[in-house]
Amino acid sequence: MRMDDYRESDNVEDRRGGGGGGISFGGGQLGIGSIVIALVASYFLGVNPMTVLNLLSGGGMPVVQQQAPAQRPPANDETAVFVSKVLASTEDTWIPAFREMGKQYQEPRLVLYTGVTPTACGTGQAAMGPFYCPGDQKVYIDLAFFRELRERFNAPGEFAQAYVVAHEVGHHVQHLLGISDQVHQAQQRASEAQANALSVRLELQADCLAGVWGKRTDSMAQVLEPGDVEAALTAASAIGDDRLQQQAQGRIVPDSFTHGSSAQRMRWFQRGFDSGDFRQCNTFDKSVRL
């Protein structure tokens, strides 16, 4: 992926090595053991980890502790610089795309951290993988995930890494458009299986939006090289629910899917990339094949 001449975003915070802070629920500080329980429940039961943390602490809204001001990543950190350039490319994609819709795009911030970091959505954990928090409109990523993507999931390549960032920015786009709020409200009235199905549609739409980013960025700056699209598709396939469940528990439970199968994730990224049109990303249209 050719990003050498691309600008860096001004919206990157580097919290690595800065302490990380913590989070309290109902006035009490949660320990690592509670966090581990929440992560396990989230993975195997499809439960929101923040719900479990709230129950373990006896209720109450999360309060993020203050931390030192974030620093920009150093210029000699190639991976951090690359991520900053990818974030800039998403800005250059979604600003005009929102203008096409008669809307104004609000740029998200991207936080680099190591291990644990406080967020407006609770404690961010590297074990969760990259994630987006609508409460503070920030994307969070521990760059160690890229090593896991390469070594555990056999999905190397810069465009695979860029796809991960673009997917999380896709969630920001959904938040700005009010799609995420509508889905979360519908989930509260739905059964567990129905709530999971809605989550799948939300995630597949973010994959499609990542594909739109890829197409538009390449059209603007010719950043793609041979094999790049295949690298993104490999990454999408590697983190499909069916593959992850097979690896973790030796069986596949489709009703518990929250992100979509490998085939679905690949298909929707490809749909966005082939069209370059965010209007083609309506995964909530029941007449469209997931």
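Check the entry above for the structure.
This write-up is about the structure you can find in this document. (Residues numbered from 1 in each chain as written. Predicted model: local features only at pLDDT ≥ 70, side-chain atom pairs only at ≥ 80, totals over all residues. Heavy atoms only, no water.)

Observations concerning the side chain of Asp 277
Argument step 1. Here Asp 277 lies in the segment after helix H10 (262-275).
Argument step 2. Contacts of Asp 277, omitting those with residues within four sequence positions, involve Val 212 and Gly 272. (Helix = DSSP H or I, 4+ residues; strand = E, 2+ residues; numbered from the N terminus. Contact = heavy atoms within 4.5 Å.)

Focus on a negative patch on the surface
Argument step 1. On the surface, a cluster of negative charge is contributed by Asp 4, Asp 5, Glu 78 and Glu 158.
Argument step 2. When you line up the elements, Glu 78 lands in helix H3 (residues 78-100).
Argument step 3. The exposed category is assigned to Glu 78, whose relative accessible area is 67%. (Patch = residues over 30% accessible without salt bridge, like charges linked within 9 Å, V, L, I, M, F, W, Y side chains within 5 Å. Areas by Shrake-Rupley, 256 points an atom, 1.4 Å probe, with all protein chains shown as cover. Salt bridge = Lys/Arg side-chain N within 4 Å of Asp/Glu carboxyl O. Lys, Arg positive; Asp, Glu negative; His and termini not counted. Charge placed at Lys NZ, Arg CZ, Asp CG, Glu CD. Buried < 20%, exposed > 50% of the residue type's maximum accessible area, 1.4 Å probe, protein only.)

With respect to the state of the cysteines
Argument step 1. One pass over the full model with this rule turns up two disulfides.
Argument step 2. Through a disulfide, Cys 121 is tied to Cys 133; the S-S separation comes to 2.0 Å. An S-S torsion of about 95° defines the bridge between Cys 121 and Cys 133 as right-handed. Taken together, the residues Cys 121 in the loop between strand E6 (116-119) and strand E7 (122-125) and Cys 133 in strand E8 (residues 131-133) connect sequence positions twelve residues apart.
Argument step 3. On the accessibility criterion, Cys 121 (25% relative accessible area) is partly exposed.
Argument step 4. One disulfide in the model links Cys 208 with Cys 281; its S-S distance is 2.1 Å. (Disulfide = S-S within 2.5 Å.)

Digging into the nonpolar core
For soluble globular proteins, nonpolar side chains are generally found buried alongside one another.
Argument step 1. If you look at the biggest cluster of nonpolar residues, it comprises 60 residues, and the most contacted ones within it are Trp 94, Leu 110, Tyr 163 and Phe 269.
Argument step 2. For this core, the secondary structure elements donating two or more residues are H3, strand E5 (109-112), strand E9 (138-141), helix H4 (144-151), helix H5 (158-176), helix H7 (192-221), helix H8 (228-238) and H10.
Argument step 3. If sequence neighbours within four positions are ignored, Phe 269 has contacts with Phe 159, Tyr 163, Asp 207, Cys 208, Ala 210, Gly 211, Val 229, Ala 232 and Leu 233.
Argument step 4. By size, the runner-up hydrophobic cluster in this structure holds five residues, among which are Tyr 113, Phe 131, Cys 133 and Tyr 140. (Core = buried A, V, L, I, M, F, W, Y, C linked by side-chain atoms within 4.5 Å.)

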